[in-house]
Amino acid sequence: MNGTMTRTPCVLSVAEHAGWAHVIGVGVRENRPAVIARRRITTIDPGVPTQPYHHEATAMTDADANALIERVRRSVATRSSSALESVVTDLAPAHAVVAVAIRKPPFEGLPDTYAPIRESYRLMCAADGMMYQLAICRAARLLELDVQMYPRGEEASWAATTLGVTPGDIRKFLNETGRPPGPPWTEEHKRAYAAGIAVLTAHCNPAIKLFAC
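This report concerns the structure included in the present document.

What counts, and at which threshold
Residues numbered from 1 in each chain as written. Predicted model: local features only at pLDDT ≥ 70, side-chain atom pairs only at ≥ 80, totals over all residues. Heavy atoms only, no water. Buried < 20%, exposed > 50% of the residue type's maximum accessible area, 1.4 Å probe, protein only. Helix = DSSP H or I, 4+ residues; strand = E, 2+ residues; numbered from the N terminus. Pairing = 2+ DSSP bridges. Expected span 1.5 Å × (residues − 1).

### Re the pairing of strand S4 (residues 95–103)
Point 1. Most of S4 sits inside the fold, with eight of its nine residues counted as buried.
Point 2. Strand direction decides the pairing type here: strand S1 (residues 8–16) and S4, joined by seven bridges, are parallel. Residue Val11 lies in a different strand from S4, and its bridge partner there is Ala99.
Point 3. Bridging between S4 and strand S5 (residues 146–150) involves five bridges; their strand directions are parallel. The residue of S5 that forms the bridge with Ile102 is Met149.

Structure below.
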């Protein structure tokens, strides 16, 4: 034996929150999708405000708000990058992480300063969540991973399209044969799993299947 191991592809499907995220590692076993890892990662340092746009910054001057948000962004960027790299490393050498699936932000990007956000209620409501989404996307790209974004709520339809099955088939798989053992299997876990399946399909050869042949 030469001591080498063939690594199978894996997608990290991320469901982000304020300061933390669920990460579902979606891989392949016997040509079928499988959850090969479940992690809860931390994406901000302790003691740093987790939702500065919608809370702390609203009572500050623009200058103070800008300084606070810059500090929070640096923390989120550093911790997100470290957490994502740790998951990729943990899954090696058996699995090669090839992509990240994450929910699509409601806006393309965030302004560099707080003033435009203060003036837009919709942007203020979205800004904190986007800060985490965009940081995870940047961290993934620094690791040279493919980043695929999807609209919230369309995960099962997306997976169904890529596999040539129905959304009902996907939901049945997520709830029954494809459900992994372990902690509570929430709707958010299922949606992340479906998104991971959709992205993984593009990176697999031969194609993966929901059902054994």
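### Things to note about helix H6 (residues 187–201)
Point 1. Look at H6: 21 Å from first C-alpha to last across 15 residues, which is about the 21 Å you get at 1.5 Å a residue.
Point 2. Of the positions making up H6, those classed as buried are His189, Lys190, Ala192, Tyr193, Ala194, Ala195, Gly196, Ile197, Ala198, Val199, Leu200 and Thr201.

Note that all results are geometric; they support no functional claim without further evidence.
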